[in-house]
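# Structural overview
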Amino acid sequence: MLKKAKLLEIFFIVIIALAAYLLHLKQEFYLVHILSLAGIYVLLALGLNMVIGYTGLLDLGFIAFYAIGAYSAALLSSKGFSFWAILPISILITCAFRFLLGKPLMRLRGDYLAIVTLGFGEITRLILNNWDALTNGPKGLPRVGETIRPITLFSFHLNSEISYFYLILFFVAASIFAIRRIERSKIGRAFVAIREDEIAAEAMGINTSYIKLLSFTISAVFAALAGVIYAHWIGFVSPESFSFWESVFLVCMVVLGGMGNILGIIFGVILLVGLPEFLRITLGGEFVLYRMLLFGLLMVIMTILRPQGIIPEKRRALELKD
Amino acid sequence: MANSAIIFPELVNGITLGAIYALISLGYTMVYGVLLMINFAHSEIVMAGAFFGLFLLSFFLKFTFFQNNLLLLLTSVFLLSMCVSGILGAAIERLAYRPLRKTNRLMPLISAIGVSLFLQNLFMLTLSPEAKPYPSVFPAVNFQLGAVTINSIQIFIIIISILFMVALEYFVNRTKLGVAIKATSSDIETAKLMGINTNSIISLVFFIGAALGGVAGILVGMYYGSIKYNMGFTYGIKAFTAAVLGGIGNIPGAMLGGFMLGILESLGAAYISSAYKDVFAFIILILVLIFKPTGLLGERAQDKC
């Protein structure tokens, strides 16, 4: 069974890679761009899913760590660092922030945690917007005269949409692989145990605050990864990309797609990022205006009618049945 | 540095803002009291209330009768818009929260975020994505009380807020329905056994909270002279901070927290940095939740799950 699922996943990735190449050949660069964007959101949603889906901690400020990743990458790049050097440094910085924020928060109950993370997200955005000396304020980075250096891989420069798409696809595949490993490890099972029943988990000998902090910190790796790639790909970061509603948008993807299930989350991203773009092309620009209205309504309807998400995790589906 | 030329206007501004925060935070705190949930959509009710008030004001101002009778105009605008926002609040509870009452605690919060997203976009799409001017019904007169200058709108906001807070205190402590709210808030299961229809009480709590939030929305419009579809978020999060600061679930605590936050924020903006004005509220929120999650007046012990 397991083998089959893994083969299916590899098959999907190959199909997507080929489809992207086909779009590239047909000069549909905008669609390749949307695919890359969806890839970035998959990375973010995978990270957020670790906190919301596995461990059951609602995080409403996840975008702040995406911002920290992207900003640290933009700053380091203008100082002359290469992508491959920035990647580990940014991940480290982002995880450090996440750890320091998470440390005192793990005692808090679910909804309080949600509000504090929301608060941290807003503080981050306000600081990015106001600390001109470091972040260049609302004008964003890089500053005039500076650039974000392009990514090079074995003397090959990544400069086309398709090459960035393959880079993102590679990291998405690697992340899925890593998360699958975590899922099946002792730590991954501890995450789920905490979600199911924190007191019971503690009674079983799980150090719950440590495991929660671990989940909280590891999730930042994916946010940082997405942020670093985004900064290099777009070549520009500004505070307005990291608003509270972006965090909400991510939560929507995870919740609608199916918390705790990787396939569900990818479906959620396709639904929320891909579908609007597809409908925009078929129905015209009008639809985009109604997008958020529809998502709000969908969130309410889904939590009532199908709280486990469109493609639920097996265990959660069972849990919600009784 | 600390001269009275800055401190008094900022203090007056802080108290005015604090009165508004206090009114909004009552909605958060009462709902939290009975259901232990954060009504995330409350901020959008503030926004909706401001718009209802705007419609009613512009409608009534067409009649010369109301133009000449300020008291009647304000009474009818406030009462009507309170009813509409109250019904909106109760309807949100009925449609989006009640079906989720037995599920995981995070589900109502996610549903509330959905409601918030929906309402914000509904108002943006049906009305206007731009800020709308609020008609000024008051002649702005400055009064001099010793070294303190205060204008008529500030006085009005402070008086109205205190009036509603006193009325709420009276209602909750002195009437049968109010006592039923308190009973539901302290233990919903036992309240049920005592013959209280807790579902109606919950609806009532949402109605009252939303009505007060609607009033706060109108006051914001009057104070700043314009309203916008996304105005609710900032006020909502600050009022929530106020509720947490005072001890969530505690009505006098919410009032105290509101005034304290308003004053702290205004003084912080004046003396530290106005660019970081909004950061203060978040920092206070985080610090209170970490170090004293029960807040200043909260007595409810935190439950474990």
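Right above here is the structure, for reference.
My aim in this report is to walk through the structure given alongside it, one point at a time.

Procedures and definitions
- Residues numbered from 1 in each chain as written.
- Chains lettered and ligands numbered in written order.
- Predicted model: local features only at pLDDT ≥ 70, side-chain atom pairs only at ≥ 80, totals over all residues.
- Heavy atoms only, no water.
- Helix = DSSP H or I, 4+ residues; strand = E, 2+ residues; numbered from the N terminus.
- Rg over C-alpha atoms; globule rule 2.2 N^0.38 Å.
- Buried < 20%, exposed > 50% of the residue type's maximum accessible area, 1.4 Å probe, protein only.
- Contact = heavy atoms within 4.5 Å.
- Lys, Arg positive; Asp, Glu negative; His and termini not counted.
- Charge placed at Lys NZ, Arg CZ, Asp CG, Glu CD.
- Axes fitted to C-alpha atoms, helices over the stretch in contact; angles between N-to-C directions.
- Parallel < 35°, antiparallel > 145°, perpendicular 65-115°, else oblique.
- Nonpolar A, V, L, I, M, F, W, Y, C, P; charged D, E, K, R; others polar.
- Left-handed = near helix turned anticlockwise from the far one by under 90°.
- Patch = residues over 30% accessible without salt bridge, like charges linked within 9 Å, V, L, I, M, F, W, Y side chains within 5 Å.
- Areas by Shrake-Rupley, 256 points an atom, 1.4 Å probe, with all protein chains shown as cover.
- Salt bridge = Lys/Arg side-chain N within 4 Å of Asp/Glu carboxyl O.
- Phe/Tyr/Trp six-rings, centres within 6.5 Å; stacked < 30°, edge-to-face > 60°.
- Lys NZ or Arg CZ within 6 Å of the ring centre and 35° of its normal.

## Observations regarding the overall build of chain B
- A tally of helices and strands in chain B yields twelve helices and four strands.
- Compactness check: chain B gives a C-alpha radius of gyration of 19 Å against a globular reference of 19 Å for 305 residues, within 12% of the reference.
- Taken along its principal axes, the extent of the C-alpha atoms in chain B is 55 × 50 × 40 Å.
- Per-residue burial for chain B yields a buried fraction of 56% across its 305 residues.
- Once local pairs closer than 6 in sequence are excluded, the contacts in chain B between residues at least 24 apart make up 76%.
- One way to put it: in chain B the 17 positive side-chain charges average out to a point 7 Å from where the 11 negative ones average out.

## A few points about the packing of helix 3 (residues 63-78) of chain A against helix 5 (residues 110-130) of chain A
Residues and elements named next belong to chain A.
- Look at helix 3 against helix 5: their axes get within 9 Å of each other, and the N-to-C directions meet at 30°. Between helix 3 and helix 5, the angle is such that the two are roughly parallel. Listed contacts from helix 5 to Ala64, Phe65, Ala67, Ile68 and Tyr71 of helix 3 are Phe120, Gly121, Thr124 and Leu128.
- For the contact of helix 3 with helix 5, a count of residues per class yields seven nonpolar, two polar and no charged.

## Observations concerning the packing of helix 2 (residues 42-60) of chain B against helix 5 (residues 106-126) of chain B
Residue and element names in this part refer to chain B.
- Interhelical geometry of helix 2 versus helix 5 gives an angle of 25° and a closest axis separation of 9 Å. Taken together, helix 2 and helix 5 sit at an angle that is classed as roughly parallel. Crossing geometry of helix 2 relative to helix 5 is assigned as left-handed. Counted together, Ser43, Glu44, Met47, Ala48, Phe51 and Phe52 of helix 2 and Ser116, Leu119, Gln120 and Phe123 of helix 5 form the full contact between these two elements.
- Across the contact of helix 2 with helix 5, the residue classes tally to six nonpolar, three polar and one charged.

## Details of a positive patch on the surface
All names here are of chain A.
- Residues Lys3, Lys6, Arg181 and Arg184 make up a contiguous surface patch of positive charge.
- When contributions to the positive patch are tallied by element, the ones reaching two or more residues are helix 1 (2-25) and helix 7 (161-184).
- For Lys3, the position within the fold is in helix 1.

## Overview of the packing of aromatic side chains
- With the rule as written, the count across this model stands at 24 aromatic pairs over all chains.
- Between the aromatic rings of Tyr97(B) and Phe206(B), the centroid separation amounts to 5.8 Å while the plane-to-plane angle is 50°, which identifies the pairing as tilted. Taken together, the residues span a long stretch of sequence, with Tyr97(B) in helix 4 (residues 70-97) and Phe206(B) in helix 9 (residues 198-224) at a distance of 109 residues.
- For Tyr97(B), a relative accessible area of 2% puts it in the buried group.
- Overall, Phe206(B) belongs to the buried group, its relative accessible area being 3%.
- Ring-pair connections join several aromatic residues into one group, and the members of that group are Tyr66(A), Tyr71(A), Tyr230(A), Trp233(A) and Phe242(A).
- Above the plane of the ring of Phe216(A) lies Arg98(A), whose end atom (NZ or CZ) is 3.7 Å from the centre.

Limitation: the analysis is restricted to geometry and does not speak to function.
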